[in-house]
Amino acid sequence: EDKVVQSPLSLVVHEGDTVTLNCSYEVTNFRSLLWYKQEKKAPTFLFMLTSSGIEKKSGRLSSILDKKELSSILNITATQTGDSAIYLCAGVRTNAGKSTFGDGTTLTVKP
Amino acid sequence: GAGVSQSPSNKVTEKGKDVELRCDPISGHTALYWYRQSLGQGLEFLIYFQGNSAPDKSGLPSDRFSAERTGGSVSTLTIQRTQQEDSAVYLCASSDYRGREQYFGPGTRLTVT
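Residues numbered from 1 in each chain as written. Chains lettered and ligands numbered in written order. Predicted model: local features only at pLDDT ≥ 70, side-chain atom pairs only at ≥ 80, totals over all residues. Heavy atoms only, no water.

**Q** Any chance you could break down the overall build of chain A for me, citing the residues and the numbers?
**A** Counting its secondary structure elements, chain A contains 0 helices and 11 strands. Ordered by position in the sequence, the α and β elements of chain A form the string β-β-β-β-β-β-β-β-β-β-β. By the compact-globule yardstick of 13 Å for 111 residues, chain A fits well, its C-alpha radius of gyration being 13 Å. Expressed along its principal axes, the backbone C-alpha trace of chain A runs to roughly 45 × 30 × 20 Å. Taking all 111 residues of chain A together, 44% fall into the buried category. In the form shown here, chain A has an accessible surface area of approximately 5,400 Å², with 48% of it arising from carbon and sulfur atoms. Side-chain charges of chain A comprise 13 positive and 11 negative groups, with the mean position of each set lying 6 Å from the other. (Helix = DSSP H or I, 4+ residues; strand = E, 2+ residues; numbered from the N terminus. Rg over C-alpha atoms; globule rule 2.2 N^0.38 Å. Buried < 20%, exposed > 50% of the residue type's maximum accessible area, 1.4 Å probe, protein only. Areas by Shrake-Rupley, 256 points an atom, 1.4 Å probe, with all protein chains shown as cover. Lys, Arg positive; Asp, Glu negative; His and termini not counted. Charge placed at Lys NZ, Arg CZ, Asp CG, Glu CD.)

Here it is as structure tokens:
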């Protein structure tokens, strides 16, 4: 059975700090890893990673995949209170629709 | 439409009743997914559609759960004889192809009393 584990489960930082969120996966016939931000109900898409070692960047957020270590990290620099959310990662199989999500990391950014 | 829509946004039902949850995916998206999220938990995969067919139903928790998709668009998730443990937020997502980024709807919060 596929498995995705995120760490830490929760994190409290102050504005301006840099954070690193971790995601490890065990996914049969792995195709891609997805990162989402969930503030209220609907997760919003952040990144899709398919190739190892290639950093994807969007503003203060960046992410990279390590297929050798079966893991990914999400970095957020110069955090703001608006970054407070649950960050979810998911592993997706090739030739299958099933995505396995981790339990998420709850990030709280204090002013 | 501009995004994935779901209805109703909230549903309170009595134990033992049947409920239907609806999802309208982004126009043109061929893949559609249903997930369940209990309080404080991650997303639990339920079922995936490619077009109108469901090649992966492995996540449906029991035979009380079923889903269909018609016209390659709207999908309905039906829960029969609801139980209290069915209480959760049910999220629908769509993508333009399987394995690509999924865009989520706002969810339906189901409460079984």
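Past the structure itself, the notes keep going.
**Q** Residue-level account of the nonpolar core, with values.
**A** Most often, soluble globular proteins have nonpolar side chains that are buried together. One finds A:Tyr25, A:Leu33, A:Trp35, A:Tyr87 and A:Leu107 to be the most contacted residues of the largest nonpolar core, which totals 21 residues. Elements with a minimum of two residues in this core: strand S3 (19–26), strand S4 (30–38), strand S5 (43–49), strand S7 (61–66), strand S8 (71–76), strand S9 (85–93) and strand S11 (105–110) of chain A. For this core, the element with the most residues is S3(A), which contributes 4 residues. With residues near it in sequence (within four places) discarded, A:Tyr87 still touches A:Gln6, A:Leu21, A:Tyr36, A:Lys37, A:Leu46, A:Leu74, A:Ile76, A:Gly104, A:Thr105 and A:Leu107. Counting residues in each nonpolar core, the second largest holds 19 residues, with B:Val4, B:Val19, B:Phe49 and B:Leu60 among its members. (Core = buried A, V, L, I, M, F, W, Y, C linked by side-chain atoms within 4.5 Å. Contact = heavy atoms within 4.5 Å.)

**Q** Please give an account of unusual backbone geometry that cites residues and values.
**A** Going from A:Ser7 to A:Pro8, the amide bond is cis rather than trans, its omega being -10°. Looking at the element boundaries, A:Pro8 is found in the loop between strand S1 (3–7) and strand S2 (10–14). The omega torsion across B:Ser7 and B:Pro8 is -10°, close enough to zero to call that bond cis. Along the chain, B:Pro8 falls in the loop between strand S1 (5–7) and strand S2 (10–13). Its identity is not glycine, yet A:Leu70 carries a phi of approximately 55°, on the positive side. The topology assignment puts A:Leu70 in the loop between S7 and S8.

**Q** Lay out the pairing of strand S8 (residues 75–79) of chain B with the relevant residues and their values.
**A** Residue and element names in this part refer to chain B. Within S8, 5 of the 5 residues are buried, which leaves the element mostly enclosed by the surrounding structure. The pairing of strand S3 (residues 19–24) with S8 spans 5 bridges and is antiparallel. Paired with cysteine 23 across the two strands is serine 75, which belongs to S8. With 5 bridges connecting them, strand S7 (residues 65–69) and S8 associate as antiparallel partners. What sits directly across from glutamate 68, in S8, is threonine 76. Here S7 hands over to S8 after 5 residues, with glycine 71 in that stretch at a positive phi of 60°. (Pairing = 2+ DSSP bridges.)

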